[in-house]
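Descriptive analysis of the structure
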Amino acid sequence: MVSSGVNFGLDLAAEIAELKRERNAVILAHNYQVPEIQDIADYVGDSLGLSYRAAETDADVILFCGVHFMAETAKIVNPGKRVLLPDLDAGCSLSESCPPEKLQAYLEEHADKNYYVIAYINCSAGVKALSDVICTSGNAEKIVRSAPADRNILFVPDQNLGAWVMERTGRKMYLWQGTCYIHVEFTARSINGIRERYPDAPVVAHPECTYAVRLLADEVCSTEKMVTFCRESPAREIIVVTEAGMLHRLKKEIPGKVFIPGPTENCFCGECRFMKMNTLEKAHEALLKMTPEITLPEPLRKRAEAPILRMLELSR
Ligand code: 13P
Ligand code: SF4
């Protein structure tokens, strides 16, 4: 039996484990979550891995420890399950940059372009519903390569990921002008500075970083691929240019190496304030009270589901 409300010194992690059994719940966590959450999750990964896990789970309840668009994606592919997000305000600057009404108006205004819309998963259900296919940083190249050759592509909402995929594929795309407020804080100057201190350390950077930073990186990839890169690299010290939460998983899974967080221009912490809204206490509360829960009107859910399923099929 689980105690209610305040945790009087009991081990919160143990209580969560018991609640999880009672609810037949699964805990999915993104690589940027706080260490205490990553440590109690059934699966920790990038947006692509989390989408597959969410689509495949047979649990009745998904406690999604990430940001809103991630939990919403889990709900879209699981209409019959209850999807909980520890803090409903955990948003994303990329998602905010592309409100569905604005995208709808843009598409109407440029109807002559007959756009094939590729939406980075960091967007709302409303934007997904207006898209042809979804992608993540882990499969963006593959998804863009599979787009019809005779269509104009509109890529939303991340201009940096979009520009990186254009470089990789040679496919011209129209780019929505959104950015991740964390990844644009890394600059050529800040990365050159850390390279001078660790001249032998390779740099691995997320594609949400700017062109200037990507140019300085030895590898540009999604957070899941960063784990593989760091494991396989012969280097003992590696500079990691992404949200700071990534370092917990790297240190835990690859204990013999040293991971140096890429510094930002203003020595800003490199932590996504949205990702960090979730805490172990809120995760416990969510499972105990079965709220906050993600809900969606069925017509919207159905329209948003098709491009996600297309992505899952295309990137197998
Ligand atoms: P990944 O899919 O690479 O984990 O990226 C998600 C994200 O929000 C990056 O800021
Ligand atoms: Fe969004 Fe950036 Fe936070 Fe990722 S790190 S959730 S892209 S604001």
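Residues numbered from 1 in each chain as written. Chains lettered and ligands numbered in written order. Predicted model: local features only at pLDDT ≥ 70, side-chain atom pairs only at ≥ 80, totals over all residues. Heavy atoms only, no water.

**What to know about the overall build of the protein**
Worth spelling out the cut-off: Numbering goes from the N terminus for both helices and strands, where a helix is a DSSP run of H or I of at least four residues and a strand is a run of E of at least two. Atoms counted for the radius of gyration: C-alpha only. Globule rule: 2.2 Å times the number of residues to the power 0.38. Three labels apply to residues, based on accessible area from a 1.4 Å probe with only protein chains included: buried if under 20% of the type maximum, exposed if over 50%, partly exposed otherwise in between. The protein chains shown are the only cover counted for residues, whose accessible areas, like all others here, come from Shrake-Rupley with a 1.4 Å probe. His residues and chain termini do not enter the charge count, which takes Lys and Arg as positive and Asp and Glu as negative. We put the charge of a Lys on NZ, of an Arg on CZ, of an Asp on CG and of a Glu on CD.
Within the protein, the regular secondary structure consists of 15 helices and 12 strands. Here the C-alpha radius of gyration of the protein, 20 Å, is about what a compact globule of 316 residues would show, namely 20 Å. Considering only C-alpha atoms, the protein reaches an extent of 60 × 55 × 35 Å along its principal axes. Across the 316 residues in the protein, those meeting the buried criterion constitute 56%. When the accessible surface of the protein is summed, it comes to about 13500 Å², and 52% of that surface belongs to carbon and sulfur atoms. For the protein, the centre of its 36 positive side-chain charges and the centre of its 43 negative side-chain charges are spaced 3 Å apart.

**Considerations on the site of ligand 2**
Keep this limit in mind: One heavy atom suffices: a residue is near a molecule or strand as soon as one of its heavy atoms comes within 4 Å of it. Cavities and pockets are defined on a 1 Å grid built over the protein atoms alone: a cavity is a set of grid points where a 1.4 Å probe fits but cannot escape, while a pocket is an open set with protein on both sides within 12 Å along at least five of seven lines, and lining residues are those with an atom within 4 Å of any such point. Put plainly, a molecule is in a cavity or pocket when over half of its atoms are within 2 Å of the grid points there. Just so you know the grouping, Ala, Val, Leu, Ile, Met, Phe, Trp, Tyr, Cys and Pro go in nonpolar, Asp, Glu, Lys and Arg go in charged, and all remaining residues, Gly too, go in polar.
Near ligand 2 you find Tyr32, Val67, Cys92, Ser93, Leu94, Asn122, Cys180, Tyr181, Glu208, Cys272, Phe274 and Met275, and these make up its full shell. With respect to the detected pockets, ligand 2 is housed in the largest cavity. For the shell around ligand 2, a count of residues per class yields nine nonpolar, two polar and one charged.

**Some remarks on the site of ligand 1**
Rules: In protein, a polar contact means a hydrogen-donor-capable atom and an acceptor-capable atom, both N or O and within 3.5 Å, with residues adjacent in sequence counting only if both atoms are side-chain atoms; elsewhere, any N or O pair within 3.5 Å suffices.
Every residue near ligand 1 is listed here: His30, Tyr32, Asp46, Ser47, Tyr120, Asn122, Ser137, His183, His206, Glu208, Ser222 and Thr223. One of the side-chain N or O atoms of Ser47 is found 2.9 Å from an oxygen atom in ligand 1. Residue Ser137 places a side-chain N or O atom 2.7 Å away from an oxygen atom belonging to ligand 1. Burial of ligand 1 by the protein chains amounts to 96% of its free accessible area of 310 Å². Mapping ligand 1 onto the cavity grids shows that it belongs to the largest cavity. A breakdown of the residues in the shell around ligand 1 according to their chemical character gives two nonpolar, eight polar and two charged.

**Thoughts on the pairing of strand 1 (residues 25–30)**
Heads up, the condition is: Two strands form a pair only when DSSP identifies at least two bridges running between them.
The element strand 1 is largely enclosed, with a buried count of six among its six residues. Every second residue of strand 1 is oriented toward a common face, with Ala25, Ile27 and Ala29 on one face and Val26, Leu28 and His30 on the other, all of them buried. In terms of strand pairing, strand 1 meets strand 3 (residues 61–65) through five bridges, oriented parallel. For Val26, the partnering residue across the bridge sits in strand 3 and is Ile62. Where strand 1 meets strand 2 (residues 43–45), three bridges bridge the pair, whose relative direction is parallel. From the neighbouring strand, Leu28 faces strand 2, where its bridge partner is Tyr43.

**A few points about the pattern of salt bridges**
In plain terms, the rule: Any Lys or Arg side-chain nitrogen found within 4 Å of a carboxyl oxygen on Asp or Glu counts as a salt bridge.
Within the structure shown, the criterion is met by 17 salt bridges. For Glu253, the salt bridge is made with Arg231, and the minimal N-O distance between the two is 3.1 Å. One end of the pair, Glu253, is in helix 13 (residues 246–253); the other, Arg231, is in helix 12 (residues 223–232), with 22 residues separating them in the sequence. Between Glu243 and Lys276 there is a salt bridge; the shortest N-O distance is 2.9 Å.

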